[in-house]
Amino acid sequence: MAGGSYSHSGGRKSSDFCSKLTVVTFLGISCVGIWMLISSSFSTTLQNSEISSTNLLGQYSGSTGDFLVNAKRGEDETFQGEKRFRRGRSLEEIGDETGLDSFQNEEREGESSNLRNEEENQENSESSSSGDESQSGDESSNRESEGVDSREKDSTSSDGESDTGGEDSNPDASETTEKAKKGKTENEVFPAADQSEILKEATTQNGPWSTQAAESEKENESQGSSSSTDDKKGDKWKLCKTDAGPDYIPCLDNVQAIRKLRHTSHYEHRERHCPVEASTCLVPLPSGYKKSIGWPRSRDQIWYSNVPHGKLAQVKGHQNWVKVTGEYLTFPGGGTQFKQGALHYIDFLQKTLPQISWGKQTRVILDVGCGVASFGGYLFERDVLAMSLAPKDEHEAQVQFALERGIPAISAVMGTKRLPFPGKVFDAVHCARCRVPWHIEGGKLLLELNRVLRPGGHFIWSATPVYRKDEENVGIWEAMSELTKSMCWELLEINEDKLNEVGVAIFRKPTTNDCYQSRTQNDPPMCEEADDPDAAWNITLQACLHKAPADASARGAKWPAKWPLRSEKLPYWLKSSQVGVYGKAAPEDFAADYDHWKHVVSKSYLNDLGINWSSVRNVMDMKAIYGGFAAALKDLKVWVMNVVPIDSPDTLPIIYDRGLFGIYHDWCESFSTYPRSYDFLHADHLFSDIKKRCTIESVFAEVDRILRPEGKLIVRDNAETILEIENMARSVKWKVKMSYSKDGEGLLFVQKSFWRPNQEQIVKSAIA
């Protein structure tokens, strides 16, 4: 046609020339187009990890911008009866318009959930692990010297996923992405700033909604003690130089404070002694550190390079605690009291006392002196959560072993302070040869267990005084028998496990005050009426008994519903007359919170964010309220440490009544856990609260300390705080997966990298 018009003025030759020219031009344009397409794709791949509010949903501007939905296109809708919630579209829908699809490709390729492929890759990697792992230390140092961030790690990781059946190398990633594109589901609900009844705490404090700080301050005043904090700004990011090295726990490794102690007979040196100025340096990685092996395989073996401590294997190897097997530390499932395996021992306890009813009647327990926590690890098969507790002492890295295995544990000691738990919350307390002198000093330590044990709960004591008849053990048994009787504990059963050649005694705490009132001697004495059993933060131990609830409607007067019903059931002691955390009547508040988190988890966290939950095991909710977030995850193979900050409403008893567990903590101090303990951290409006009391830099450094490399952090907060945390995450070379806001509220999703700074900062408090 174009050639035809030319023929009128140039003839046939001109027409042929133009035709050829047209073909050449067309081919040239096609080549240029293909080149541009390839370049664009390559560029997009490189930039995926850098997606932020600027290139994802428009320019980020503090309190403005988009959150989950485009502000110009979003429509107000209702959410399951909560009329003030705003509905968002799925991330896939947004991606079609804003380029988010490339983000999803990048994330899902790195986080495929194909477990079978993971196992196959793991088997293949084991055959060549010696060659691969010998390079891991060099590669880690190369990352530091070259500043390689986590997005390069995704494509070149040799000490990460490829050694553990890697996520990044999964050939089904593209298929997963396509399925995600097709499954366009309704996204999570996040209200506007002026409509956030569910997520915004009310200022009204009524009924049980005092804070742990207020409870403990009042109790400390009555005991004549006090505590203080110091708010100073930290330095720029540097590597912590301490005696503890990669295992540094600031509040447990304060060498200078420990050196000044006058006494250590009550294990004062194992208790928390936090530095006056919170640390802002980053803890180094162990040489050759690898991405942790996933659950359930991690219960039986972990990488030796991640916890390079062999002393416990030498000392306790004959008891099947832990063994060094090539490049792994293996855990045969034994312990001092159950050399033939934890599962047999667990079933033995069930047969000894059938009413224990693991996973139904007994759901949340405290395991004191847990060793490497194999007891707690195998209780998961019985639907039981065990809060494993042991000190950082000569039993090298026992709690660190537990956490690396994917088993809940904290580093703590029963010394001079109360445990950081409310009263009357644990269904049972277990002690398998924990070597705690329960009977001395008026039974002070056993009385502390009595404080945290639920009325009607069981104390399971599997120790040598139960079954050995030498003079020392007989003397201890007699003293314990006298003490427990004076505490009104009923001895229900004594039995011998012939296979393991050990014995167990099971006691039951009373549910009424009848026995207390009929005692001929007030020894141990009853606690003063003003003594608050729920006050637990820096409270000195008292050798006294707290009364059982006299009111049938009071907490602790009745046993919670059986698991799993108790996870959803409103605790009977929450009344409509009480105002909840978010300002509604407590029962309505509780239900709305749970509905909200179920919706957020199912519609956003489990789908649209592209997280491979099969690679997540250890989870922490850094500011839990009712435990709704943890309850929404209950069907996954994860466990959640619910942290109730001491300046937040004291809702931890509710969490325990739901069959979940948690702990009190002050986030202006370090958490009592080893570095690299958690796979996933969740912070809902925590950082904006923290800024009122201490530096946000120190809290972020603590987050970096307890989060594993390639672990995830989700922050929900006001837009200003989101921007601060995003900038900090970028400054330590974390991968920003998602960052956006709407109506002054925002969400940030980031992933920690393997990067560590080159410069060191001497931590004087942690060097002898």
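Residues numbered from 1 in each chain as written. Predicted model: local features only at pLDDT ≥ 70, side-chain atom pairs only at ≥ 80, totals over all residues. Heavy atoms only, no water.

Identification of the protein as ATP binding protein from Solanum stoloniferum is taken from an unreviewed UniProt entry. Regarding the protein, the UniProt comment filed under Subcellular location (unreviewed entry) reads as follows: "Endomembrane system". Quoted straight from UniProt, the Sequence similarities (unreviewed entry) entry for the protein says "Belongs to the methyltransferase superfamily." (UniProt positions renumbered as here; feature names shortened; annotations may be inferred.)

In the structure shown here, the tally under the stated rule is six disulfides. Disulfide pairing is shown between Cys 251 and Cys 274; the S-S distance is 2.0 Å. One quick way to see it: the torsion about the S-S bond of Cys 251 and Cys 274 is about 110°, and its sign makes the bridge right-handed. Of this pair, Cys 251 sits in the loop between strand S1 (239-241) and helix H11 (255-259) while Cys 274 sits in the loop between H11 and strand S2 (301-303); the two residues are 23 residues apart in sequence, bridging distant segments of the chain. Paired by a disulfide, Cys 668 and Cys 694 hold their sulfur atoms 2.1 Å apart. Measuring the twist about the S-S bond at about -85°, one finds the Cys 668-Cys 694 disulfide to be left-handed. Taken together, the residues Cys 668 in the loop between strand S14 (662-665) and strand S15 (678-684) and Cys 694 in the loop between helix H23 (687-690) and helix H24 (696-706) connect sequence positions 26 residues apart. Like Cys 668, the residue Cys 694 is buried in the burial classification. For the protein, numbering the cysteines in disulfides from first to last along the sequence yields the connectivity 1-4, 2-3, 5-6, 7-8, 9-10, 11-12. (Disulfide = S-S within 2.5 Å. Helix = DSSP H or I, 4+ residues; strand = E, 2+ residues; numbered from the N terminus. Buried < 20%, exposed > 50% of the residue type's maximum accessible area, 1.4 Å probe, protein only.)

Here Arg 454 lies in strand S9 (residues 453-462). A distance of 3.0 Å separates a polar atom in the side chain of Arg 454 from a polar atom in the side chain of Asp 427. Sequence-distant contacts of Arg 454, defined by excluding residues within four places in its chain, comprise Lys 424, Val 425, Phe 426, Asp 427, Lys 509, Trp 559, Pro 560, Arg 566, Tyr 656 and Asp 657. (Polar contact = N/O pair within 3.5 Å; in protein donor to acceptor, adjacent residues only side chain to side chain. Contact = heavy atoms within 4.5 Å.)

Turning our attention to the nonpolar core. With 125 residues, the main nonpolar core has Leu 366, Phe 421, Trp 438, Phe 459 and Trp 461 as its most contacted residues. For this core, the leading source of residues is H24, giving six residues. Apart from the residues within four sequence positions on either side, Phe 421 is in contact with Leu 366, Met 387, Leu 389, Ile 410, Phe 426, Arg 451, Val 452, Ala 536, Tyr 656, Gly 662, Ile 663 and Tyr 664. Membership of the second largest hydrophobic core comes to 19 residues, among which are Ala 342, Trp 358, Phe 375 and Ala 428. (Core = buried A, V, L, I, M, F, W, Y, C linked by side-chain atoms within 4.5 Å.)

Turning next to the pairing of S9. Most of S9 sits out of view: ten of its ten residues are buried. As defined by bridge partners, strand S8 (residues 426-432) adjoins S9 across six bridges and the pair is classed as parallel. Considered in S9, the bridge of Phe 426 is made with Leu 453. Crossover handedness for the path S8 to helix H16 (residues 444-452) to S9: right-handed. In this sheet, strand S11 (residues 502-508) lies alongside S9 in antiparallel orientation, the contact comprising four bridges. (Pairing = 2+ DSSP bridges. Right-handed = clockwise from strand over helix to strand, strands pointing away.)

Moving on, we get to the sheet that holds S2. In spatial order, the strands read S2-S4-S3; together these three strands make up an open sheet with antiparallel pairing. The open sheet has two free edges, formed respectively by S2 and strand S3 (323-325), since each of these has just one partner strand. The sheet shows a mean angle of 30° between the axes of neighbouring strands, taken without regard to direction. Summarising the sheet, S2 and strand S4 (residues 328-330) pair through three bridges and their orientation is antiparallel. Residue pairing across strands places Ile 302 opposite Leu 329, the latter belonging to S4. (Axes fitted to C-alpha atoms, helices over the stretch in contact; angles between N-to-C directions.)

So, on to the packing of aromatic side chains. Tallied over the full model, the rule gives 24 aromatic pairs. Taking 5.8 Å as the distance between ring centres and 65° as the angle between the ring planes, the aromatic pair formed by Phe 331 and Phe 401 counts as edge-to-face. Residue Phe 331 is located in the loop between S4 and helix H13 (342-352), and its partner Phe 401 is located in helix H15 (residues 398-405); the two are separated by 70 residues in the primary sequence. Accessibility expressed as a relative area gives 3% for Phe 331, which makes it buried. Considering the side-chain rings of Trp 639 and Phe 661, the 6.2 Å spacing of their centres and the 85° angle between planes classify their relative orientation as edge-to-face. One end of the pair, Trp 639, is in strand S13 (residues 639-645); the other, Phe 661, is in the loop between helix H22 (652-657) and S14, with 22 residues separating them in the sequence. (Phe/Tyr/Trp six-rings, centres within 6.5 Å; stacked < 30°, edge-to-face > 60°.)

Among the structural elements, Tyr 656 can be located in helix H22. Using a relative accessible area of 0% as the deciding quantity, one classes Tyr 656 as buried. Sequence separation of Tyr 656 and Asp 427 is 229 residues, and the distance between their C-alpha atoms is 9.2 Å. At 2.6 Å, the side chain of Tyr 656 forms a polar contact with the backbone oxygen of Gly 662.

Now for the pattern of salt bridges. For the structure shown, the criterion picks out 27 salt bridges. As a salt-bridge pair, Asp 531 and Arg 418 come within 2.8 Å of each other at their nearest N and O atoms. Linking Asp 531 in the loop between helix H19 (514-518) and helix H20 (586-608) with Arg 418 in the loop between strand S7 (409-411) and S8, this pair joins segments that are 113 residues apart in sequence. Each member of the pair, Asp 531 as well as Arg 418, is classed as buried. For Asp 427, the salt bridge identified is with Arg 454, shortest N-O distance 3.0 Å. Of this pair, Asp 427 sits in strand S8 while Arg 454 sits in strand S9, and the two are 27 residues apart along the sequence. What makes Arg 454 buried here is its relative accessible area of 1%. What you see here is one network of salt bridges that share partners, running through Asp 427, Arg 454, Arg 566 and Asp 657. (Salt bridge = Lys/Arg side-chain N within 4 Å of Asp/Glu carboxyl O.)

The next subject is the sheet that holds S7. In spatial order, the strands read S7-S6-S5-S8-S9-S11-S10; together these seven strands make up an open sheet with mixed pairing. With one partner strand each, in any of the chains shown, S7 and strand S10 (490-497) form the two edges of the open sheet. Between one strand axis and the next, the sheet turns through 20° on average, direction left out of account. Lying over the sheet, H13 contacts S8, S9, S10 and S11, oriented at roughly 135° with respect to S10. The strands touched by H16 within the sheet are strand S5 (364-368), S8 and S9, with S9 carrying the most contacts at an inclination of about 135°.

To continue, consider unusual backbone geometry. The omega torsion across Trp 295 and Pro 296 is 10°, close enough to zero to call that bond cis. Among the structural elements, Pro 296 can be located in the loop between H11 and S2. The phi dihedral of His 685 falls on the positive side, at around 55°, and the residue is not glycine. The topology assignment puts His 685 in the loop between S15 and H23. Under the relative-accessibility criterion, His 685 is labelled buried at 15%.

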